[in-house]
Structure formats: C-alpha cells, structure tokens
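Working through the structure, step by step
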Amino acid sequence: MAGSYTKKEFGVGSEEQTLLKDSNGTRIVPAKGSVKASYSTFRVHVSNGTEPVRLSPGWEGTGRPDDELNFKGVTMDQADLELNPPRDRLNVVFCIMVLHGIGALMPWNMFITAKDYFVHYKLSEEYTGIVTNYATNFLAWLGFAAQIPNLLFNWLNVFVQFGGNLTTRIVWGIFVQVLVFVCTVILAMTDSSGWPGIFFWITMASVIVLNTANGIYQNSVFGMVAKLPTKYTGAIVLGTNISGTFTALINLLAQYMAPNARTAAIYYFITALFVLLACFDTYFALPINRFYRYRELLYQKGVNKRQLENSARGKNDTPPYWKIFCQCFPQCFNTFLVFFVTLALFPAVQSDIQISDPDFIVTPKYYTTIMCFLTFNTTALIGSSIASLVQWPSKKYLVIPVVLRILYIPLFLLCNYQPSHTTRILPVYINNDWVYFVIAVTMGISSGYFSSLSMMYCPRTVDSQYAATAGMFGAASLITGIFTGLLFSMVMPTLVAHVTFPMS
C-alpha cells in the first residue's frame, strides 16, 4: 500500500479517518499528504478478528440499532430490494389482486345467478313430481345461509386469527371452497328428483360451509392487500365486480348454448372451481415477485420498528382495536351504506322488474338476465375501473354522495316492480324500459365507484402498522352492508303492496 502512516492513541476523536487498528489498541491513520480516503465512503475496524465490519460513520450516525448497522438478519436479497426498489412490472401483482377479488365473491355470485337451476329445475314440480315450498323460499333461505356465517366470521376474523397468519387463512379458505364446489358439481350430476328435501338441506349446508370459508378468505385478502399501495385495494374491489359480470355472462351463455339445465349447471360450477384453483396458485406465486417482496419488507420493517418502540415504552403489541375502528369508522360507514343500498335492490328488486314494452330491444326471455344481472355487474365493473383512475370526492366528503344513493330505493320501487305472490297496489310511475335502464346503469356505476373509494380510503385513515386491521374492518363492514341489505330487500314487496302515493 502506498503512503506513510503514523500511530495515534485510541482516544482520538471520531473525525480522524481510521483504516486499521493494531493489536496494541492504537489506530493507524494516514499521515498528512498521504493517500486520501473519503471519510463518508467506507471504514473498517480490525481487532483480533472479533470486531464486525461497519459502514461509514455517516451510516452509523443515522441512529439505527447495532443489529441493523451490522446487517444482522438482513439477507442479500433484502439489501438488494432496498437498494433497487422494484416496480410492479406488467402489473402482475395488480392482476393477481383482481383475480382474488373475483374469487372473493365467486361463491355468492354463482349461487344467486343460478336461480333458474335451483328453482326451476332441481326443486321444480316438473322435476320432483311434487309441490313443495323449497323453490318458493329458496332465495330467502340462500341469503340467510350464505350471509350469516360470512358476517360472523368476517367480524371474528378481525380479532381472532383463525388458523394462524394470513397465509394459512387464505390457503385453507380457498381449499374448503374448492371442496364444496366439487360436491356441488357432483350434486348437479346426481338425479335428486326423489329426495328434493334432502337436496335442499344439503345445498343449504354446503352454502353455510362455503361462506364460512369465504368470509375468512375474503377478510384475509383485504388484510393482505392493505400492505400494498392504495390502487391494489381498488384492484380487489374491481375483481369483485368483475366476478359478478363474469358469472352473469356465464349464465347467459349457459341459457343460450346448453342443451338442458343440468349440463349448464355442471359447466357453470366447474368454471367457479377453476377460478378458485387459479387464486390458490397465484397466491403462492406472490412471494416470487420482487415488487410484492419489497412491499412486504417495507411493511414488516415498519411493524418491527413500532414493536421495538412499544416494547421500550412498555406497551402491549395487541392492536388497539377500538382506536383503529374509530379512526376508520367514516369509511366503514360509507362501505356499509353503499352495499346496503345496492343489496336492498340487487338482485331481489331488480330481478322482479318486468318488461313494460313488448317491443323493447331485449326480449322477455332474456330481460332479467340482461337488465338485472348483466347490467348491474358490468356497470359496477366500470365504476370500479374509474375509481382506480380518479379518486373524488376526498375521504372527508365521500359520505355525501353515499347517503344520497338512498334515493335509488324509492326510484326502483316506482318502476314496473312485480314481486312474486304479491298484488301490487302502488302505481307504476316509471313504465319506460329505457328510463329504468338509465336508473339501473347509474346505480351500478355509483355502487362500483363509491365502494372502491371507501375500501381504498379505509386502510389509509390509520397508522401504517394498523392498515391490515383497518382493511379487515372495511371488509367486515362490506359484508354487514350486504347482509342488512338482503334483509331489507325482504320488506320491498310489502312496501309496494301496502303503500300508495297520491297522483299529482
């Protein structure tokens, strides 16, 4: 090595450039005029081979713990991720989150859209040869069987980690749903005409198990995506709306192409099976993605830092659930109200709105499928897509348009709503199919847009270490809105049968 060196005592101030330290406890520093070394670049301590390598004093001066300064527990991959922050190339992670959004609502959409298969085929008088009430009350029973366990386990999953961490809950949630859909396909292949009651209760039991697993899976997915930037929460909501559009299209194709209801149902439920298997596979692909690993690393570092601070202050690591709920409550309320209004009208009211003009562009055979299921799910998808591009209004003022959506309830009741087994007394004020179509389109777009905004805002209203918990509160509020909306939809036939408005 070129240059001359002088010895100085170990107590010299930190401003000296230290290259080596000999065994006598002295430091060897460059003499004036010798080789110049930048103080801020690198410094090495060598003392009997026991003192670790350290970066420059500029790094030490950041006040980081010694373990972090010495890279204890830091892998080369993690160091590379921090030095070269990756991007979501080709939006792979975004697309995976959209797929999980599709899978999150697939069970519910599949069963409600398969109304014709259950009501007009498996439980019909023509198929069973007997008259039963199973077909008449099927959708009401389906709603209770699906949403009560979903509601219960969504809320419990916020406070209790069923089955361990998020990964365990997501994997087992998907696995149980796959098994239930396999059983549903087997039932579709089986001749159940001689035992309609047993078929009905087996179906209800499978729906309960399915939605119990789905409640845990759906809630955990929102907790998982809360670790990522805001648009990825929007991707989940976008996926839930794509799920509805997808099932409506499959139902329409099945009606048009399948030779009979049995064959249509088999292919219909097998489609759901493949979607859930795709969700299962892509979840395990996430840790391979550099962008996802980087965001998880940032999230975990924030959690670890706050845990150290809490430990130093003697605080408990248990999340302050009440504080988190109070902070995210405005967005939880928005999420709840959006889905309450939507599910009060869709599908119960919309599916019973009849065609007014026989010469309308949509024939009576496909009127409900297109004007109800396909229109709502497509427009909700459009609304969610807009939310990923434009976020307006802000968190503070979102409640205003959300509350105004309550006006859709009387608007739909004024259309040609003809509920089954009910004599309508309320006059039909909106008997134009195009006007009804415009109302349905705006309701669907606003549902997708405002639900996406509220779910995107929810994890951002709390400290970053509580974002996952806030995301779970948002998901639980979503399910609560769906459940209460379904309950309220049962009141709609009574409203048009017993309430009258005077003509102007």
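To keep things clear, this report deals only with the structure shown in the data block. If you're wondering where the values come from, they're calculated on a predicted model, not measured in any experiment. All chains use their own residue numbering, which begins from 1 and follows the written sequence. Whole-chain, interface and lining totals are the exception, using all residues; otherwise, since this is a predicted model, local features are given only for residues with pLDDT of at least 70 and side-chain atom pairs are given and counted only at 80 or more. Note that water and hydrogens are dropped before the side-chain values are worked out from all heavy atoms of the structure.

1. Here we look at the overall build of the chain
Helix and strand assignments come from DSSP, with helices taken as H or I runs of at least 4 residues and strands as E runs of at least 2, each series counted from the N terminus. When helices and strands are tallied, the chain shows 19 helices and five strands. Residues counted as buried form 49% of the 504 residues belonging to the chain. The criterion used for residue contact is that any of the two residues' heavy atoms lie within 4.5 Å. When contacts within the chain are restricted to residue pairs at least 6 apart in sequence, long-range pairs at least 24 apart make up 80% of them. We call a residue buried when its accessible area falls under 20% of the maximum for its residue type, exposed when it is over 50%, and partly exposed in between, using a 1.4 Å probe and counting protein chains only.

2. A closer look at the side chain of Gln 147
If you trace the backbone, Gln 147 turns up in helix H7 (residues 138-159). On the basis of relative accessible area, Gln 147 is assigned to the buried category, the value being 1%.

3. Considerations on the packing of aromatic side chains
The rule is short: rings of Phe, Tyr and Trp, with Trp giving its six-membered ring, pair when the centres are within 6.5 Å, and they are stacked under 30 degrees, edge-to-face over 60, tilted in between. All chains considered together, the criterion is met by 38 aromatic pairs. Ring centres of Trp 172 and Phe 175 lie 5.6 Å apart, and the angle between their planes is 90 degrees; on these two criteria the pair is classed as edge-to-face. Of this pair, Trp 172 and Phe 175 both sit in helix H8 (residues 166-189), separated by three residues, roughly a single helical turn. When the centroid spacing of 5.0 Å and the interplanar angle of 85 degrees are considered together, the rings of Phe 200 and Trp 201 count as edge-to-face.

4. Digging into the layout of surface pockets
Think of a 1 Å grid over just the protein atoms. A cavity is a set of points where a 1.4 Å probe fits yet cannot get out, a pocket is an open set with protein on both sides within 12 Å along at least five of seven lines, and lining residues have an atom within 4 Å of a point. Grid points are joined across faces, edges and corners, and a volume is the space filled by probe spheres set on the points. For the largest pocket, the calculated volume is near 1,200 Å³. Lining the largest pocket are 41 residues, and of these Lys 115, Leu 139, Ser 351, Asp 352 and Ser 420 sit closest to its centre. Mapped by element, the contributors of at least two residues to the lining of the largest pocket are helix H4 (92-113), helix H5 (115-122), H7, helix H10 (230-257), helix H14 (364-387) and helix H18 (467-489). The element contributing the most residues to the lining of the largest pocket is H7, with seven residues. Class assignment for the residues of the lining of the largest pocket results in 21 nonpolar, 16 polar and four charged. Amino acids are sorted into nonpolar (Ala, Val, Leu, Ile, Met, Phe, Trp, Tyr, Cys and Pro), charged (Asp, Glu, Lys and Arg) and polar (every other residue, Gly among them).

5. Considerations on the nonpolar core
In plain words, nonpolar cores are sets of buried Ala, Val, Leu, Ile, Met, Phe, Trp, Tyr and Cys residues tied together by side-chain atoms within 4.5 Å. Ranked by size, the top nonpolar core spans 127 residues in total, and within it Met 97, Tyr 117, Phe 181, Met 224, Phe 269, Leu 345 and Phe 412 carry the most contacts. Here this core gets twelve residues from one element, more than from any other, and that element is H4. With sequence-adjacent residues up to four places away left out, Phe 181 is seen in contact with Pro 107, Met 110, Phe 111, Leu 210, Phe 269, Ala 272, Leu 273 and Leu 276.

6. Describing the pattern of salt bridges
By salt bridge we mean one thing: a side-chain nitrogen of Lys or Arg within 4 Å of a carboxyl oxygen of Asp or Glu. Scanning the entire structure with this criterion turns up one salt bridge. Here Glu 296 ties to Lys 227 by a salt bridge, and the two come within 3.5 Å at their closest N and O atoms. Linking Glu 296 in helix H12 (residues 290-312) with Lys 227 in the loop between helix H9 (196-225) and H10, this pair joins segments that are 69 residues apart in sequence. By relative accessible area, Glu 296 is classed as partly exposed at 31%. Under the relative-accessibility criterion, Lys 227 is labelled buried at 18%.

7. What about a nonpolar patch on the surface?
Taken together, Ile 382, Ile 386, Leu 389, Val 390 and Trp 392 make up a surface patch of nonpolar side chains, about 550 Å² in accessible area. Tracing the backbone shows Leu 389 in the loop between H14 and helix H15 (399-404). Note on patches: the residues involved have over 30% relative accessible area and no salt bridge, like charges join within 9 Å, and the nonpolar side chains Val, Leu, Ile, Met, Phe, Trp and Tyr join within 5 Å. Residue exposure ignores everything except the shown protein chains as possible cover, and the areas themselves are Shrake-Rupley values with a 1.4 Å probe.

Function cannot be read off these values alone, since they describe shape.
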